[in-house]
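Observations on the three-dimensional arrangement
One letter stands for each residue in the lines below.
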Protein chains: 2
Amino acid sequence: MPDLYGAIDLGGTNVRAIVAGLDGKISGDDRRPSRASDGLDATIEALLASLDQACSEAGVEAGGLRGLGVATPGWVDTERGVVPAAPQLIGWRDVPLVEMLQERLGITALLENDANAAALGENAFGAGRGTRHMLYITVSTGVGAGIIADGRLYGGAKGSAGEIGHTIVDPSGPRCGCGNNGCLESLSSGTAIARRAAEAADRGDSAVLAGIREREGRLGARLVADAARQGDAASIAIYEEAGRFLGIALANAVNLLSPEAIILGGGVMQAKDLFLPRAEETMRDLALDEPLKYMRLAEAELGDRAGVMGMIARLGQQAG
Amino acid sequence: MPDLYGAIDLGGTNVRAIVAGLDGKISGDDRRPSRASDGLDATIEALLASLDQACSEAGVEAGGLRGLGVATPGWVDTERGVVPAAPQLIGWRDVPLVEMLQERLGITALLENDANAAALGENAFGAGRGTRHMLYITVSTGVGAGIIADGRLYGGAKGSAGEIGHTIVDPSGPRCGCGNNGCLESLSSGTAIARRAAEAADRGDSAVLAGIREREGRLGARLVADAARQGDAASIAIYEEAGRFLGIALANAVNLLSPEAIILGGGVMQAKDLFLPRAEETMRDLALDEPLKYMRLAEAELGDRAGVMGMIARLGQQAG
């Protein structure tokens, strides 16, 4: 049996655990609710139960794994292995997760931010295979990025690099959750799409959107996508606008970083037909010829396995 | 005598050559006109004459140098050692500079873009000493950057990373030389300041600026700075506006890259009293707390020696 490693991707909704070799071959895989709203202890138990299940599928004890990598949302202190806080994880505050897991399981563990983990995963096993300089961007409730420079994760001063969602692409744009105006996240995230749809319904610009809100009691990005695909002009325009601003951010990233690939993932990509053509057209229009020549734009391939696969890649870098 | 290396910084106006050890100690230094308007041959002769002079000051033959590093403006093909073209160097087109110099002098040579060279210089010997992740930004006729990631120059796919001047900070901004609207360069460069001053004079917003243009026959950024320091409200507002947009670009760089330091250089920094406070205030207002906490903003220390000192650092990385 080859050396086996554990990887966990902990989110606000689900936790996923796999057991795999450094070649990425998965021999155990579990996914279950992370019980984030029940607080820290419940979430730790869910995480451990998920790992146990993946281990028993793989026929190993957790204590027999060669290492464990955990991806969590929000800021992560990778050096100390601490999760300072994350809006998705209720009641978490300076949690020494690495130490807790090492004590509990008797194996070495390491921690990474989830967007960074997904970037590593796509770079090692997904759409970014073979690139040394790569950007992974997740367009979801928020917008985040992981940067691969010279084949390794680039974390900046303390691992907090990659906040492309809070780069400003239009200073006269709408207010963002961070307090600024015109951040990419305030223009192209799922939240931004839902907000613009609510505004359109309020203004009376779209009877279709008003009807959906009436019927469903809410207006999420997915419902707006349904309306757009049924020909609602306001919904189509909202996705096009989100695509245009994403395109500006992509062009800025191309000009500043000249990556070999930009990989796009995240839940909003399920509506890629509605915004990706506009995003790519805008990017190609605005980016400089030279860095554009050496760059490809691609969709993420690993879906919700990107995070765990990235932690396997990270453990491989550590081992190798 | 310690091992001596040569470094040359070739610009559209001047060429500078030094002879130095890898510790940065300079034993020969020459600066003269690069004769860029006289074409390729004249510029190569100026470059070689400058190196010869630096060598004779140091008491060595050029052929006795352990290596030679050359910084040139514009795109540079560092792998092949070729200068594809540069607006500042008249008549240059796919010039195999490294090969030419190696044949002529019998020593190994390497090539780097001048903004990247300056970034390396400030990182090794200047205001960025001791940082692993650093951004050097030059605000001059144009705006460019060099990125240091994990202690090494980050060039991206083919060495063309760092074009922060062509990241868009205001999509409704003025037309840039690259064809886009609202690039940083179109808002905060010396050229942008001069253009806005000419517009203010045309509109009759500033009798002072109109008078200067009448008297001097032109309106450069330096003359606008003089007017601002004498209290001309329009000139003060132009520099403040340039500072604000630079601040947005700085915040975007902080959020995306989380560098330990951003070092500002370039000719426009001579008017730093007029725009830097506004730039820093805007950056601190817009950047996220976490990456901001680990970042310092500093002025370049090496002035016009940054490029040659960077090539010495580059030769040191190659040797070491």
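So, here's what we can say about the structure. Not measured: the values here are computed from a predicted model.

1. Things to note about empty space enclosed by the protein
Under the counting rule described, the total for this entry stands at two cavities of 30 Å³ or more. Space inside the largest cavity adds up to approximately 140 Å³. If you go around the largest cavity, you meet 13 residues; those closest to its centre are Thr 167, Asn 252 and Leu 256 of chain A together with Asn 252 and Leu 256 of chain B. Those elements giving two or more residues to the lining of the largest cavity turn out to be α8 (233-257) of chain A together with α8 (233-257) of chain B. The computed volume of the second largest cavity comes to approximately 50 Å³. Lining the second largest cavity we find Ile 147, Ala 149, Tyr 154 and Leu 257 of chain A together with Ile 147, Ala 149, Tyr 154 and Leu 257 of chain B. Residue assignment for the lining of the second largest cavity shows that the elements contributing at least two residues are β7 (143-149) of chain A together with β7 (143-149) of chain B. In terms of residue class, the lining of the second largest cavity is built from eight nonpolar, no polar and no charged.

2. Details of the packing of α8 of chain B against helix α9 (residues 272-286) of chain B
All names here are of chain B. Remark: α8 packs on α9, axes separated minimally by 7 Å, with the N-to-C direction vectors making an angle of 40 degrees. Crossing of α8 over α9 shows right-handed handedness. In this structure, α8 contributes Tyr 239, Glu 240, Gly 243, Arg 244, Leu 246, Gly 247, Ile 248, Leu 250, Ala 251, Val 254 and Asn 255 to the contact, and α9 contributes Leu 274, Phe 275, Arg 278, Ala 279, Thr 282, Met 283 and Leu 286.

3. Let's talk about the packing of helix α5 (residues 190-203) of chain A against helix α6 (residues 207-216) of chain A
Residue and element names in this part refer to chain A. Between α5 and α6, the least distance of the axes is 8 Å, while the angle of their chain directions is 105 degrees. The orientation of α5 with respect to α6, classified from their angle, is roughly perpendicular. Contacts from Ala 197, Ala 198, Ala 200, Ala 201 and Asp 202 in α5 reach Leu 209, Ala 210 and Arg 213 in α6. Of the residues belonging to the contact of α5 with α6, the class tally is six nonpolar, no polar and two charged.

4. Examining the pattern of salt bridges
As enumerated under the stated definition, the model contains 42 salt bridges over all chains in all. Its salt-bridge partner being Arg 35 of chain A, residue Asp 38 of chain A comes within 3.0 Å of it at the nearest N-O pair. Two residues, Asp 29 of chain B and Arg 16 of chain B, come together in a salt bridge whose shortest N-O distance is 2.9 Å. Within this pair, whereas Asp 29 of chain B is found in strand β3 (residues 26-33), its partner Arg 16 of chain B is found in strand β2 (residues 14-20), the two being separated by 13 residues in sequence. Overall, Asp 29 of chain B belongs to the partly exposed group, its relative accessible area being 26%. Judged by relative accessible area, Arg 16 of chain B falls into the buried class, the value being 12%. Within this structure, Arg 16, Asp 29, Arg 31 and Asp 304 of chain A form a network of salt bridges that share partners.

5. Quick look at the sheet that holds strand β4 (residues 68-72) of chain A
Residues and elements named next belong to chain A. With mixed pairing, five strands are arranged side by side in an open sheet as β3-β2-β1-β4-β5. The two strands at the open ends of the sheet, each matched to only one other strand, are β3 (26-33) and β5 (109-113). Strand-to-strand twist across the sheet, computed as the mean angle between neighbouring axes with direction ignored, equals 15 degrees. In terms of strand pairing, β4 meets β5 through five bridges, oriented parallel. Opposite Thr 72, over in β5, you have Asn 113 as the bridge partner. Sheet contacts for helix α1 (residues 40-58): β1 (5-10), β2 (14-20), β3 and β4; angle to β3, the most-contacted strand, approximately 150 degrees. Packed onto the sheet, helix α11 (residues 306-319) meets β1, β2, β3, β4 and β5 and runs at close to 135 degrees relative to β1.

Conventions adopted
- Residues numbered from 1 in each chain as written.
- Chains lettered and ligands numbered in written order.
- Predicted model: local features only at pLDDT ≥ 70, side-chain atom pairs only at ≥ 80, totals over all residues.
- Heavy atoms only, no water.
- 1 Å grid on protein atoms, 1.4 Å probe; cavity = no way out; pocket = protein on both sides within 12 Å on 5 of 7 lines; lining within 4 Å.
- Points joined across faces, edges and corners; volume = space filled by probe spheres on them.
- Helix = DSSP H or I, 4+ residues; strand = E, 2+ residues; numbered from the N terminus.
- Nonpolar A, V, L, I, M, F, W, Y, C, P; charged D, E, K, R; others polar.
- Axes fitted to C-alpha atoms, helices over the stretch in contact; angles between N-to-C directions.
- Left-handed = near helix turned anticlockwise from the far one by under 90°.
- Contact = heavy atoms within 4.5 Å.
- Parallel < 35°, antiparallel > 145°, perpendicular 65-115°, else oblique.
- Salt bridge = Lys/Arg side-chain N within 4 Å of Asp/Glu carboxyl O.
- Buried < 20%, exposed > 50% of the residue type's maximum accessible area, 1.4 Å probe, protein only.
- Pairing = 2+ DSSP bridges.

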